[in-house]
Amino acid sequence: MKKLISKKHIDFLDYLQDNRGYSDLTVKSYDETLREAFRYIEIEEENSHLLFNLMPYRLHISTLNPKTISKKLSAIRSFSEYLNDNKIKVLLKADASIKVAKTLPKPISHEHILEALQKADLQERLAIVMLYTLGLRISELASVRVDDISQNWVRVIGKGNKQRDLPLLASTKKILDEYLSTFMAKRFLFEKKGERLSENSLRYTITKVFRRVGLKVTPHQLRHSYATTLLNGGAPIVDVSELLGHSSMATTQIYTKLGSALKQQNYNKAHPLCGGEN
């Protein structure tokens, strides 16, 4: 049984890279987690399925922070789903999710974004600008079709297949036009060999560019930067909520709290009577 799991482990890594478009770094992380986990996971052969008892492994990693534990368990779940999809029925025992505190990523300053754009090629620049000036999720960016783009608007399909139309800045449209005349995309805005570029490929594009200027940045942080900039500039929260595609305005209100916290930090730094309190 261990030989079968080892073989499927290798097949799974190939699947992540070839079919899901995961970066080498992400695939390596999955590999290391699974190698570690299966030194502790107890595998029991039942009548019609395999039972992976995760408890010994969970005890082994119990001293790690909740976010790390959650990521490791997620990798095991993904592998189990892959096995089930490939006709090896697997059930997980002691698979309860771990609570992870929800934290909002810090927005990226406009100056840092401009600095990164100077180090980016045309495709990289467009990806960053689309996220930053439209507030897109990475899944939405990957799904933008050429036909969804007009002179002043771009149509986006968000969560729950909800559609929204977003205004294009003149500067964004200029980069779009340059990109489309250079790359000749057929269906999707971001393609590779006629196929839609994966979310993970686009995510890697963003992190790679910002790494050139010494920053660790995720696509979602650019979405946060978009929202925070609008709210700090006085845009009504109801409008920002609609632009972001939030189903509830309560979600958007998180950004107002973040904006207030940043204002307090800036105040502490700027006011002469607040010296040493930041």
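Conventions used here
Residues numbered from 1 in each chain as written. Predicted model: local features only at pLDDT ≥ 70, side-chain atom pairs only at ≥ 80, totals over all residues. Heavy atoms only, no water. Phe/Tyr/Trp six-rings, centres within 6.5 Å; stacked < 30°, edge-to-face > 60°. Helix = DSSP H or I, 4+ residues; strand = E, 2+ residues; numbered from the N terminus. Buried < 20%, exposed > 50% of the residue type's maximum accessible area, 1.4 Å probe, protein only. Pairing = 2+ DSSP bridges. Axes fitted to C-alpha atoms, helices over the stretch in contact; angles between N-to-C directions. Contact = heavy atoms within 4.5 Å. Arc of directions from axis to C-beta. Parallel < 35°, antiparallel > 145°, perpendicular 65-115°, else oblique. Left-handed = near helix turned anticlockwise from the far one by under 90°. Core = buried A, V, L, I, M, F, W, Y, C linked by side-chain atoms within 4.5 Å.

Participant: What should I look at first to understand the packing of aromatic side chains in this one?
Facilitator: The description of an aromatic ring pair uses the distance of the two centres, along with the angle that the planes make with each other. Going through the model one piece at a time under the given rule, you end up with 10 aromatic pairs. Aromatic side chains Phe12 and Tyr30 sit 6.0 Å apart centroid to centroid with 70 degrees between the ring planes, which places their arrangement in the edge-to-face category. Here Tyr30 lies in helix α2 (residues 24–37) and Phe12 lies in helix α1 (residues 2–18), a separation of 18 residues in the sequence. Residue class for Tyr30 comes out buried when judged on its relative accessible area of 14%. Ring geometry for Phe12 versus Tyr82: centroids 5.3 Å apart, planes at 50 degrees, classification tilted. Note that Phe12 is positioned in helix α1 and Tyr82 in helix α4 (residues 66–85), a separation of 70 residues in sequence. A relative accessible area of 1% means that Phe12 is categorised as buried. Taken together, Phe12, Tyr15, Tyr22, Tyr30, Phe38, Phe52, Phe79 and Tyr82 form an aromatic cluster joined through their ring pairs.

Participant: What exactly am I supposed to notice about the sheet that holds strand β2 (residues 50–53) here?
Facilitator: As summarised here, the arrangement of the 3 strands in space is β1-β2-β3, forming an open sheet in which the pairing is mixed. Edge positions in the open sheet fall to β1 (42–45) and β3 (90–93), since each of these has one partner strand only. Each strand of the sheet is rotated relative to its neighbour by a mean of 25 degrees, with strand direction disregarded. Here β1 runs beside β2; their pairing, made up of 4 bridges, is antiparallel. Within the sheet, the bridge partner assigned to Glu44 lies in β2 and is Leu51. Of the strands in this sheet, β2 and β3 touch α4, which is tilted by about 155 degrees from β3.

Participant: I tried to follow helix α5 (residues 110–118) on my own but got confused; where do I start?
Facilitator: Since the α-helix advances by 3.6 residues per turn, residues separated by three or four positions end up pointing in the same direction. Of all the positions in α5, only Ile113, Ala116 and Leu117 are classed as buried. Projected onto a plane normal to the axis of α5, the buried residues spread over an arc of 100 degrees and lie on a single side. The exposed residues of α5 that point more than 90 degrees off its buried face are Glu111 and Gln118. Looking at the buried positions of α5, the neighbouring elements they touch are α6 (122–134), α9 (199–211) and α10 (219–232).

Participant: Help me understand the packing of α5 against α6, please; the structure alone is not making it clear to me.
Facilitator: Two numbers describe a pair of packed helices, the interaxial angle and the distance between the axes. It is at 10 Å that the axes of α5 and α6 come closest, and there the two elements cross at 160 degrees. Overall, the two elements α5 and α6 adopt an arrangement that is roughly antiparallel. Here the hand of the crossing between α5 and α6 comes out left-handed. When α5 is examined against α6, the residues His110, Ile113 and Leu117 are found in contact with a partner set consisting of Arg125, Ile128, Val129 and Tyr132.

Participant: Would you mind showing me how to read the nonpolar core here?
Facilitator: Within soluble globular proteins, side chains that are nonpolar generally end up buried alongside one another. With 37 residues, the main nonpolar core has Leu136, Leu141, Leu189, Phe190 and Phe210 as its most contacted residues. Looking at this core, the elements with two or more residues in it are α5, α6, α7 (138–143), β4 (153–157), α8 (170–183) and α9. In terms of residues, this core owes the most to one element, α6, which gives 9 residues. Not counting residues within four places of it along the chain, the set of residues in contact with Leu141 comprises Ala127, Met130, Leu131, Leu136, Phe190 and Leu202.

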